[in-house]
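Descriptive structure summary
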Amino acid sequence: MYFALPAGGTAQAAIQVGLCAASAAATGVAAARTRGLARMVWAWHAAALTFLTMGTGYLYVYPLVTGHPLVFPSPADALVLVMYPCIGVALWALAKLSRGEDHRGDLLDVLIMVAGIGALMWVSVLGPAVHARDLPLLAHVVSVSYPVADLMLLAMLARLLIGSRRSGAMRLLAAASGLMAVADTLLALQLASDTSKLGILLDCLYLLNCAFMVAAAFHPSARTFAPSAATATHRLTMPRLVFLGAALMAFPILLATGPDDVVLIAALAVSTFVAVLARMSRLNRRLDGARRSIEDKSAQLRHQAFHDGLTGLPNRALIMDRLGHLLAGSGRPGSAGVAAMFIDLDGFKDVNDTLGHEVGDKLLQSVAGRLRGSLRDGETIGRLGGDEFVVLLDGVTDPYALESIAERIVDVIGQPFEIQGWTSPIRVTTSIGIAAGPAATPDELLRDADMALYDAKAAGKNCYIVFQPETQTAVQRRHLLEQDLRSALQAEQFQLVYQPIYRLKELDIAGFEALLRWEHPSLGLIEPAEMIPLLESTGKIADVGRWVLREACDQMAIWRGINRDLIVSVTISHRQFGRDAIVEHVHEALTASGLAPSALTLDISETSLMCDIEASIRRLHQLKALGVQIAIDDFGVGHSSLAHLQRLPVDRLKIGRAFTATITLLPESAALLHMLIQLGRQLGLKTLAKGVETATQIDRLRAGNVDEIQGFLLTPPLDPDDIEALLLDHDPQTLVP
């Protein structure tokens, strides 16, 4: 539409001026929406376009108003020339926003480009303008100013585009400035050749310049000029090689044309050649630096992949790899074999929980340092994770030698640790599992050492144990039971047996203690000593304990039809009692069975009660509010004080079989038992002795005024059917031989 209008007419003038004004307004809006250097970019562009609008307006309006052609130079030229410094400042700010990594290299690229373009411009524009003899001084200066300004503008564009991190708005601004420089250069050529053939092309370029400015101002990245990605300035890419080659080839071509200023062109050629050599040298140095950086980073990543970040020790991956090589070599003739030690700090979790993870990490670093210092050649230490370390021993499989090394490690770790930032020394102990001898894979050897470590923990910690083949059988059995235990409740493999509780004075039945049994489908009856720890370690103790409560209450509700004075005693595990839900579970069992609350006694260990005394007192009062009775199980084994006992709302003290078994053997036990019985009497509590197995024990307990007893001497645990027969045919005279 523009080109259909009369050339140089009012309509074209209005479009030209209108587009310039629109671009000035758009960049002004962009300046108002931004901050910092970005605002500076847009503000100076707005100023430049304002001068361009004024100059263009004067260029078109003056002939239309006066009817006379515009004389060169004119005020329009002054306004347009002021535009160039404004654009230069804007491009400088833009280049500063997007500066690449290799600033000096980028400047060399700019110098090479300016030299090449400058030589071309000198031959085509600047030279003729400088050598022109028929122009007045002012016209001469202005005619030279345009190409010089364009050259500076191209230099700024080169600096902006080479090595910079470019955004969409930045590309649009660069394109607009480039169009401006090309248009001005073509205008200078047109003036030099005294022709108007380029008028349409020039109008197109100026219109596109304004359009690109408007598009840049409203681009999403106009606020910050944030780049989509950084460019790598140290790569010797094909475009960069083409650029450097073109810069070098421009001068031979220009010299071949026979220019008037041969000396100047030759000097520019030599300067450009030197700059290209410097640029190539700098690129090579950066490539070497990048290669070294990559190699260093690769080495660092390899180290991180195979070493623990906290202690610097080999990690699991490297330990497994080294152990694989050691095992492969252990099969050769003359090899003494390979051994592994699994090392675990005792109670490290308590250190983290009480002192904090920062102190815990420093402790691990100190432990690693001591282990390094205590090992000799041929002994490799690594950290598998947490507080677990492993030591690999090549050529050391003799049990005595292994035990000597383990003793040394236990002694070294047992010494106090001075931790920076912590005032008092920290003491920890360690447990060690040792495995040696033939092993097919690293996993098998470490598995054996881990099994031995488990036994060392079970043996009381702060010790070492050498793996024995039978240990694997025990571990496999434990693993099998743990798996089967998860479905035993649903499969109805649990059952309750009941051991009678007798009043010692008359030897009549006072009640029963419910005891849990597990009938494994393939292994048969699992003893409580093996079953209870498994229930606790798997977390099934709470669910099974809830089932025991319901089952025992249901059964006692039936037996109370035979003897209304009977009670049932149910053991409450530490995990059960540690939760407030125990009150709800007891209430649920009583309600479902219809059993009188006074017929239920809850046996709670002394250790469980003392774990959190305030919470224990609160839960005991809640349970007592239901009407049940409370017994302290295995009394005398824990650490309760008289002051705490006075606060506990309990009804019975159950004396464990450890005291009962020794009252006829050790005078000290008899004295201690007497003290416990008297303590119960002073507190108004009934006393019950468990584990009675001889008539002499009964005599001693009767002499001590114990209230109730139970044990195998009287009656072993019985099935429910046998209990009913016992209740119907009970004869106290037949109990004790």
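Structure shown above.
Since we're looking at a predicted model, the values are computed, not measured.

**Here we look at the overall build of the protein**
Scanning the protein from terminus to terminus reveals 26 helices and 14 strands. Here the protein, with 737 residues, has 45% of them falling under the buried criterion. A separation of at least 24 residues holds for 70% of the contacts in the protein among residues at least 6 apart in sequence. Of the roughly 35,500 Å² that the protein leaves accessible, carbon and sulfur atoms contribute 59%.

**Describing the pattern of salt bridges**
Tallied over the entire structure, the rule returns 21 salt bridges. Here Asp 580 ties to Arg 618 by a salt bridge, and the two come within 3.2 Å at their closest N and O atoms. Placement of the pair is Asp 580 in the loop between helix H18 (574-577) and helix H19 (581-593) and Arg 618 in helix H21 (residues 613-626), with a sequence separation of 38 residues. The partly exposed category is assigned to Asp 580, whose relative accessible area is 44%. Take Arg 618: its relative accessible area is 38%, and that puts it in the partly exposed class. The salt bridge partner of Lys 690 is Asp 633, with a shortest N-O separation of 3.1 Å. Of the two residues, Lys 690 is situated in the loop between strand S13 (686-689) and helix H25 (695-703) and Asp 633 in strand S11 (residues 629-635); the sequence distance between them amounts to 57 residues. For the pair formed by Lys 690 and Asp 633, the shared burial category is buried.

**A closer look at a positive patch on the surface**
The grouping of Arg 33, Arg 35, Arg 39 and Arg 223 at the surface amounts to a positive patch. When you line up the elements, Arg 39 lands in helix H2 (residues 36-66).

**Structural notes on the packing of aromatic side chains**
Scanning all chains against the criterion turns up four aromatic pairs. Centroid distance Tyr 58 to Tyr 62: 5.6 Å. Interplanar angle 20°. Geometry classified as stacked. Note that Tyr 58 and Tyr 62 are positioned in helix H2 at a spacing of four residues, about one turn of the helix. With relative accessibility at 29%, the residue Tyr 58 sits in the partly exposed group. Exposure remark for Tyr 62: the relative accessible area of 30% places this residue in the partly exposed category. For the pair Phe 494 and Trp 518, a centre-to-centre distance of 6.0 Å together with 40° between the ring planes defines the contact as tilted.

**Looking at the pairing of strand S7 (residues 509-520)**
For S7, the buried fraction is high: 11 of the 12 residues fall into the buried class. Counting the residues in the hairpin turn of strand S6 (residues 494-503) and S7 gives five residues, including Leu 507, whose phi is positive at 60°. Alignment of S7 against strand S9 (residues 567-572), held across four bridges, turns out to be parallel. Counted as the bridge partner of Ala 514 is Val 570 from S9. Note: S7 against strand S8 (residues 524-526), three bridges, orientation antiparallel. By the bridge assignment, Glu 519 is partnered in S8 with Leu 525. Connecting S7 to the next strand, S8, in antiparallel fashion are three residues.

**Details of a negative patch on the surface**
On the surface, Asp 719, Asp 721, Asp 722 and Glu 724 cluster together into a patch of negative charge. Within the fold, Asp 721 resides in helix H26 (residues 720-729). Residue Asp 721 is classed as exposed on the basis of its relative accessible area of 63%.

**A short note on the sheet that holds strand S4 (residues 429-436)**
The strand order across the open sheet formed by five strands is S2-S3-S1-S4-S5, and the pairing between neighbours is mixed. Both edges of this open sheet fall to strand S2 (379-385) and strand S5 (464-466), since each of them pairs with a single strand only. Between one strand axis and the next, the sheet turns by 20° as a mean value, whatever way the strands run. The strands touched by helix H14 (residues 442-458) within the sheet are strand S1 (338-346), strand S3 (388-394), S4 and S5, with S4 carrying the most contacts at an inclination of about 140°.

**Some thoughts on the packing of H19 against H21**
To describe two helices that pack against each other, one gives the angle between their axes and the distance between the axes. Across the interface, H19 lies against H21 with an axial gap of 9 Å and an inter-helix angle of 15°. For the element pair H19 / H21, the angle class is roughly parallel. Of the two possible hands of crossing, H19 and H21 adopt the one that is right-handed. In this structure, H19 contributes Ile 582, Val 583, Val 586 and His 587 to the contact, and H21 contributes Arg 619, Gln 622, Leu 623 and Leu 626. Looking at the contact of H19 with H21 residue by residue, the class counts come to five nonpolar, two polar and one charged.

**Description of the packing of helix H17 (residues 541-559) against H26**
Close contact between H17 and H26 brings their axes to 11 Å; oriented N to C, the two are set at 30°. Classed by the angle they form, the pair H17 and H26 counts as roughly parallel. Judged by the sense of rotation from one axis to the other, the crossing of H17 with H26 is right-handed. In contact with Gln 555, Ile 558 and Trp 559 of H17, H26 contributes Pro 720, Ile 723, Glu 724 and Leu 727. Looking at the contact of H17 with H26, its residues break down into five nonpolar, one polar and one charged.

**Examining helix H12 (residues 357-374)**
Here H12 spans 25 Å end to end across 18 residues, near enough to the 26 Å set by a 1.5 Å rise per residue. Of all the positions in H12, only Val 359, Gly 360, Leu 363, Leu 364, Val 367, Ala 368, Leu 371 and Ser 374 are classed as buried. Contacts from the buried residues of H12 go to S1, helix H11 (348-355), S2, S3 and helix H13 (399-414).

**A look at a nonpolar patch on the surface**
On the surface, Val 61, Leu 64 and Val 65 cluster together into a nonpolar patch covering about 280 Å² of accessible area. One can find Val 61 in helix H2. Residue class for Val 61 comes out partly exposed when judged on its relative accessible area of 44%.

**Details of the side chain of Asp 308**
Here Asp 308 is to be found in the loop between helix H9 (262-306) and helix H10 (316-330). Residue contacts for Asp 308: discarding those within four places in its chain leaves Leu 313, Pro 314, Asn 315 and Arg 383.

**Remarks on the nonpolar core**
Grouped together as the largest cluster of nonpolar side chains are 75 residues, with contacts concentrated most on Phe 494, Phe 512, Leu 600 and Ile 709. The element best represented in this core is H17, accounting for nine residues. Counting residues in hydrophobic clusters, the runner-up holds 43 residues, among them Cys 20, Leu 49, Leu 205 and Tyr 206.

**Quick word on H14**
When the terminal C-alpha atoms of H14 are compared, their 24 Å separation across 17 residues agrees well with the 24 Å that a helix rising 1.5 Å per residue should span. Those residues of H14 that fall on the buried side of the exposure criterion are Pro 442, Leu 445, Leu 446, Asp 448, Ala 449, Met 451, Ala 452, Leu 453 and Ala 456. Looking one or two places after H14, you find Gly 460, whose phi comes out positive at around 115°.

**A word on the environment of Lys 686**
By the secondary structure assignment, Lys 686 is in strand S13. The class for Lys 686 is partly exposed, based on a relative accessible area of 42%. Distance from Lys 686 to Ala 631, taken between C-alpha atoms, is 9.0 Å for residues 55 residues apart in sequence.

Conventions adopted
- Residues numbered from 1 in each chain as written.
- Predicted model: local features only at pLDDT ≥ 70, side-chain atom pairs only at ≥ 80, totals over all residues.
- Heavy atoms only, no water.
- Helix = DSSP H or I, 4+ residues; strand = E, 2+ residues; numbered from the N terminus.
- Buried < 20%, exposed > 50% of the residue type's maximum accessible area, 1.4 Å probe, protein only.
- Contact = heavy atoms within 4.5 Å.
- Areas by Shrake-Rupley, 256 points an atom, 1.4 Å probe, with all protein chains shown as cover.
- Salt bridge = Lys/Arg side-chain N within 4 Å of Asp/Glu carboxyl O.
- Patch = residues over 30% accessible without salt bridge, like charges linked within 9 Å, V, L, I, M, F, W, Y side chains within 5 Å.
- Lys, Arg positive; Asp, Glu negative; His and termini not counted.
- Charge placed at Lys NZ, Arg CZ, Asp CG, Glu CD.
- Phe/Tyr/Trp six-rings, centres within 6.5 Å; stacked < 30°, edge-to-face > 60°.
- Pairing = 2+ DSSP bridges.
- Axes fitted to C-alpha atoms, helices over the stretch in contact; angles between N-to-C directions.
- Parallel < 35°, antiparallel > 145°, perpendicular 65-115°, else oblique.
- Left-handed = near helix turned anticlockwise from the far one by under 90°.
- Nonpolar A, V, L, I, M, F, W, Y, C, P; charged D, E, K, R; others polar.
- Expected span 1.5 Å × (residues − 1).
- Core = buried A, V, L, I, M, F, W, Y, C linked by side-chain atoms within 4.5 Å.

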